[in-house]
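Each chain, written out:
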Amino acid sequence: MTAPWADWDHIVKLDPDKDLYGDETFDDVCATGTDAVEIGGTTGMTEAKMERFVEPCLEACADHGVDCYIEPSHAGAVVHADGLDGYLVPIVLNARDPFWTTGAHRHWVKEDADIDWSRTFTEAYVVLNPDSSVAEYTEADCALDASDVAAYAEVAERMFGQRILYIEYSGMLGDPAVVAAASDAVEETAVFYGGGVGDYDAAYEMGRHADTVIVGDLIHDAGADAVRETVRGAKDARRTQNAASRSDEQE
Ligand code: 1GP
């Protein structure tokens, strides 16, 4: 089965703990041309906050043909709703606190009898911005160079069978060389990149190495027009990647 994310060049990540920009709507978010919306956040996540976003977002996603997933940080942030495409569950590989690698997951599986495994997938995170809330919460070991991150990428794919590797610089633009090293280290596993993407150039640069570029804060802080530029950057990068692999094949 083709992975749902196989054609995703760009994702908007919506944080239910924040508001949309100005008087923008979920329609505006979906009209940016993004391929998928992920709803989830690190701090202050509750079922009520998730629900506030999920219902209206699902409607907009359906109207625009955008996939809609939730990314539950823990069991209390899981909502089941009709029309949801599925669940992308983070596993933080470099967390020092095992709650974020298997602990939260055990709680969820134990408490929730309604998990639809056919639509539930995991994302193997490597968290790299030491100043981000996700690094603080998970007590992530962020002192990693490109070869460490490449090793984690291989661990994710070869040892843990992860289909998504998520290079997470939340709040800051990361090092493209690190993303490139991670991409080179995997064969089939898709590489997601998120963190500090704020314009066309940043999306293009990260999209040259990652399969999918994720934009979070920008949708809340600058709005849909700014995000549309990043969609363009990620999609142009994909075209460049495709053209390069076609010419490799011909040689
Ligand atoms: C956060 O990777 C995402 O989980 C996006 O990061 O908010 O910095 O865009 P930003």
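Scroll up for the structure.
All of these numbers come straight from a predicted model, not from anything done at the bench.

K.L.:
Lay out the packing of helix H7 (residues 200-207) against helix H9 (residues 224-250) in plain terms, naming residues and giving numbers.
P.N.:
H9 packs onto H7 with a crossing angle of 30 degrees between their chain directions and a minimal axis gap of 7 Å. With respect to their mutual orientation, H7 and H9 come out roughly parallel. Crossing hand, H7 versus H9: right-handed. Packed against H7, whose contacting residues are Tyr 200, Ala 203, Tyr 204 and Gly 207, the element H9 presents Glu 229, Thr 230, Arg 232, Gly 233, Ala 234, Asp 236, Ala 237, Thr 240 and Gln 241 at the interface. Among the residues making up the contact of H7 with H9, the classes are represented as 5 nonpolar, 5 polar and 3 charged.

K.L.:
How would you explain the site of the ligand if you had to name every residue and give the values?
P.N.:
In the vicinity of the ligand, the residues found are Lys 13, Tyr 166, Glu 168, Ser 170, Gly 171, Gly 194, Gly 195, Gly 196, Val 215, Gly 216 and Asp 217. Contact distances for the ligand include 3.4 Å between an oxygen atom and a backbone N or O atom of Gly 195. In isolation the ligand has 300 Å² of accessible area, and contact with the protein removes 91% of it.

K.L.:
If you had to explain the nonpolar core to someone new, which residues and values would you point to?
P.N.:
The biggest cluster of nonpolar side chains holds 62 residues, and the ones touching the most others in it are Leu 14, Ile 39 and Ile 167. With 7 residues, helix H2 (residues 47-64) is the largest single contributor of residues to this core. With residues up to four places along the chain from it excluded, the contact list for Ile 167 reads Val 126, Leu 128, Val 149, Val 179, Ala 182, Val 191, Phe 192, Tyr 193 and Gly 194. Counting 22 residues, the second-largest nonpolar core is a separate cluster that includes Ile 11, Leu 88, Val 127 and Cys 142.

K.L.:
An account of the pattern of salt bridges is requested, with residue identities and associated values reported.
P.N.:
Throughout the structure, instances matching the rule amount to 15 salt bridges. The shortest N-O distance in the salt bridge between Lys 49 and Asp 17 comes to 2.7 Å. Of this pair, Lys 49 sits in helix H2 while Asp 17 sits in the loop between strand S1 (10-14) and helix H1 (26-30), and the two are 32 residues apart along the sequence. Taken together, the shared-partner salt bridges connect Asp 9, Asp 35, Lys 235 and Arg 238 into one network.

K.L.:
Account for the sheet that holds strand S8 (residues 212-215), with residues named and values stated.
P.N.:
The 8 strands are arranged S1-S2-S3-S4-S5-S6-S7-S8 in a closed barrel whose pairing can be described as parallel. With direction set aside, neighbouring strand axes in the sheet form an average angle of 30 degrees. Strand contacts of helix H3 (residues 103-111): strand S4 (86-92) and strand S5 (120-127), with the helix running at about 145 degrees to S4, the strand carrying the most contacts.

K.L.:
Describe the packing of aromatic side chains, and please don't skip the residues or the numbers.
P.N.:
Counted under the stated rule, the structure contains 12 aromatic pairs. Both rings, one in Trp 8 and one in Tyr 69, keep their centres 5.3 Å apart while their planes meet at 75 degrees; by these two values the pair is edge-to-face. With Trp 8 in the segment before S1 and Tyr 69 in strand S3 (residues 67-70), this residue pair connects regions lying 61 residues apart in the sequence. According to the relative accessible area criterion, Trp 8 is buried, its value standing at 3%. Aromatic ring contacts, followed pair by pair, group Trp 8, Tyr 69, Tyr 125, Tyr 166 and Phe 192 into a single cluster.

K.L.:
Lay out a negative patch on the surface with the relevant residues and their values.
P.N.:
Taken together, the side chains of Asp 23, Asp 27, Asp 28, Glu 47, Glu 51, Glu 55, Glu 59, Asp 63 and Asp 82 define an acidic patch exposed on the protein surface. Mapped by element, the contributors of at least two residues to the negative patch are H1 and H2. By the secondary structure assignment, Glu 55 is in helix H2.

K.L.:
So what's going on with the environment of Ala 181? Which residues, and what values?
P.N.:
The residue Ala 181 is located in helix H6 (residues 176-185) in this model. C-alpha of Ala 181 to C-alpha of Ala 153: the two residues are 28 residues apart in sequence and 8.8 Å apart in space. Sequence-distant contacts of Ala 181, that is, excluding residues within four places in its chain, are made with Ala 146 and Ala 150.

K.L.:
Outline the packing of helix H5 (residues 146-159) against H6, supporting the account with residue identities and numerical values.
P.N.:
In the contact formed by H5 and H6, the axes pass within 8 Å of each other and the chain directions differ by 35 degrees. Once H5 is placed against H6, the crossing between them reads as right-handed. Between H5, through Ala 146, Val 149, Ala 150, Ala 153, Glu 154 and Glu 157, and H6, the contact on the second element is made entirely by Ala 177, Val 178, Ala 181, Ala 182 and Ala 185.

The rules behind these values
- Residues numbered from 1 in each chain as written.
- Predicted model: local features only at pLDDT ≥ 70, side-chain atom pairs only at ≥ 80, totals over all residues.
- Heavy atoms only, no water.
- Axes fitted to C-alpha atoms, helices over the stretch in contact; angles between N-to-C directions.
- Helix = DSSP H or I, 4+ residues; strand = E, 2+ residues; numbered from the N terminus.
- Parallel < 35°, antiparallel > 145°, perpendicular 65-115°, else oblique.
- Left-handed = near helix turned anticlockwise from the far one by under 90°.
- Contact = heavy atoms within 4.5 Å.
- Nonpolar A, V, L, I, M, F, W, Y, C, P; charged D, E, K, R; others polar.
- Near = heavy atom within 4 Å.
- Polar contact = N/O pair within 3.5 Å; in protein donor to acceptor, adjacent residues only side chain to side chain.
- Areas by Shrake-Rupley, 256 points an atom, 1.4 Å probe, with all protein chains shown as cover.
- Core = buried A, V, L, I, M, F, W, Y, C linked by side-chain atoms within 4.5 Å.
- Buried < 20%, exposed > 50% of the residue type's maximum accessible area, 1.4 Å probe, protein only.
- Salt bridge = Lys/Arg side-chain N within 4 Å of Asp/Glu carboxyl O.
- Pairing = 2+ DSSP bridges.
- Phe/Tyr/Trp six-rings, centres within 6.5 Å; stacked < 30°, edge-to-face > 60°.
- Patch = residues over 30% accessible without salt bridge, like charges linked within 9 Å, V, L, I, M, F, W, Y side chains within 5 Å.
- Lys, Arg positive; Asp, Glu negative; His and termini not counted.
- Charge placed at Lys NZ, Arg CZ, Asp CG, Glu CD.

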